[in-house]
Amino acid sequence: KRKVNVCVSEGLHNEFVTSMKYNSKNVTTIYNPINIKLIKSTIHNLTEIPLKPYFLCVGRLTKQKRFDRAIEIFYKGEFYKKYNLVILGSGELENDLKSRIKLLGLEDRVHLLGWKQDIYSWMHNAEILLQTSEREALSMVLIEALASGTRVVASDCEYGAHEILRDELSMYIAKQDNINDYIDKINKALESYPLSNHYRILDMCDDTVVCNKYLDIYKKYFGKE
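The structure displayed is predicted, hence computed values, not measured ones.

1. Looking at helix α3 (residues 67-76)
- In terms of burial, α3 is a largely internal element, seven of the ten residues being buried.
- Among all positions of α3, only Phe67, Arg69, Ala70, Ile71, Glu72, Ile73 and Phe74 are buried.
- At its buried positions, α3 is contacted by β3 (54-58), β4 (84-88), α4 (94-103), β5 (110-112), β6 (128-131) and α8 (179-191).
- Within two residues after α3, glutamate 78 carries a phi angle of roughly 55°, on the positive side.

Structure representation (structure tokens):
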């Protein structure tokens, strides 16, 4: 019985073939879908956010996401003088992050708010969506933030950032372990950012496009309509 392995990024695709020795004929890439219409229809749900202006981080509070690094960037870049840092998510490192925030004297500037409704509105109202991960299969947070009309600065982690932040957006990918490079990229993003409704990644992740690609794969590999 024939099988096909669908990867959510080209980076994972290459790992399957080169590291795991899968037959390249049986591996393909289809990005995860996003509902762009839903995102656009909900970005204005929250009209009053008392923490504005703010940077935003979103995800599980785990080592992989490196929110400790985000706090360090926020502190060393002295962004706390003008902005808040909002972190949406929960996880086992919550107490460690709170301790770090207290140590740096940022209790009034860094806010761990757990998971929130209207996430796209939180994204839309942020000055920047900051991603500091060590590794991602494909960071949907970056794609959703772009669809929400938000500036994005991301780490050069494997995988996904270079597939998402293409062309002129690639200048906002920071070296993962270089705090100063993050600070430089954030300052550049605050100064000027090519916001658009037509990023290539949004077209590739459109839910209708993704569904059609799965149908095409089914027809190709299993010969059925």
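Okay, back to it.
2. Digging into the nonpolar core
- If you look at the biggest cluster of nonpolar residues, it comprises 70 residues, and the most contacted ones within it are Leu56 and Leu146.
- Apart from residues no more than four positions distant in its own chain, leucine 146 is found in contact with Val152, Ile164, Leu165, Leu169, Tyr193, Tyr199, Ile201 and Leu202.

3. Section: the packing of aromatic side chains
- In this structure the tally under the stated criterion is seven aromatic pairs.
- Connected via pairs of aromatic rings, a cluster forms that spans Phe55, Phe74, Phe79 and Tyr83.

4. Let's talk about the packing of α3 against α8
- At a closest axis distance of 9 Å, the pairing of α3 and α8 adopts a crossing angle of 65°. Comparing their axes, α8 and α3 come out roughly perpendicular. Like other packed secondary-structure pairs, α3 and α8 cross with a definite hand, here right-handed. Counted together, Arg69, Glu72, Ile73 and Lys76 of α3 and Ile179, Tyr182, Ile183 and Ile186 of α8 form the full contact between these two elements.
- When the residues that make up the contact of α3 with α8 are grouped by side-chain class, the tally is five nonpolar, no polar and three charged.

5. Observations concerning the sheet that holds β3
- Read across the sheet, six strands follow the order β5-β4-β3-β6-β7-β8 without closing on themselves; strand pairing throughout is parallel. For this open sheet the edge positions go to β5 and β8 (173-174), each flanked by a neighbour on one side alone.
- In terms of strand pairing, β6 meets strand β7 (residues 152-155) through three bridges, oriented parallel. The residue of β7 that forms the bridge with glutamine 131 is alanine 154.
- Packing of α8 onto the sheet brings it into contact with β3, β6, β7 and β8, and relative to β6 it is tilted by some 160°.

6. Side note on unusual backbone geometry
- A cis amide bond, omega -5°, links lysine 52 with the succeeding residue proline 53.
- Checked against the element boundaries, proline 53 lands in the loop between α2 (36-42) and β3.
- Residue lysine 21 is not a glycine yet carries a positive backbone phi of 60°.
- One can find lysine 21 in the loop between α1 (10-18) and β2 (27-29).
- Even without glycine at this site, arginine 66 takes up a positive phi of about 55°.
- For arginine 66, the location among the structural elements is in the loop between β3 and α3.

7. Some words on the side chain of serine 9
- In this structure, serine 9 sits in the loop between β1 (5-7) and α1.
- Residues within four places of serine 9 in sequence aside, it is in contact with Thr29, Tyr31, Ala137, Leu138, Tyr159 and Glu163.

8. Quick look at the environment of lysine 220
- Take lysine 220: it is sitting in helix α10 (residues 207-222).
- Taking the C-alpha atoms as reference, lysine 220 lies 50 Å from asparagine 95; in sequence the two are 125 residues apart.

9. Brief notes about the pairing of β3
- β3 sits mainly inside the fold: five of its five residues count as buried.
- The two faces of β3 match: Tyr54, Leu56 and Val58 on one face and Phe55 and Cys57 on the other face are all buried.
- Bridging between β3 and β4 involves five bridges; their strand directions are parallel. Along β4, the bridge assignment pairs cysteine 57 with isoleucine 87.
- With α3 bridging β3 and the parallel β4, this β-α-β connection has right-handed handedness.
- In this sheet, β6 lies alongside β3 in parallel orientation, the contact comprising two bridges. The partner of phenylalanine 55 across the bridge, within β6, is isoleucine 128.

Criteria and thresholds
- Residues numbered from 1 in each chain as written.
- Predicted model: local features only at pLDDT ≥ 70, side-chain atom pairs only at ≥ 80, totals over all residues.
- Heavy atoms only, no water.
- Buried < 20%, exposed > 50% of the residue type's maximum accessible area, 1.4 Å probe, protein only.
- Helix = DSSP H or I, 4+ residues; strand = E, 2+ residues; numbered from the N terminus.
- Contact = heavy atoms within 4.5 Å.
- Core = buried A, V, L, I, M, F, W, Y, C linked by side-chain atoms within 4.5 Å.
- Phe/Tyr/Trp six-rings, centres within 6.5 Å; stacked < 30°, edge-to-face > 60°.
- Axes fitted to C-alpha atoms, helices over the stretch in contact; angles between N-to-C directions.
- Parallel < 35°, antiparallel > 145°, perpendicular 65-115°, else oblique.
- Left-handed = near helix turned anticlockwise from the far one by under 90°.
- Nonpolar A, V, L, I, M, F, W, Y, C, P; charged D, E, K, R; others polar.
- Pairing = 2+ DSSP bridges.
- Right-handed = clockwise from strand over helix to strand, strands pointing away.

Any functional reading would require information beyond the geometric quantities listed.
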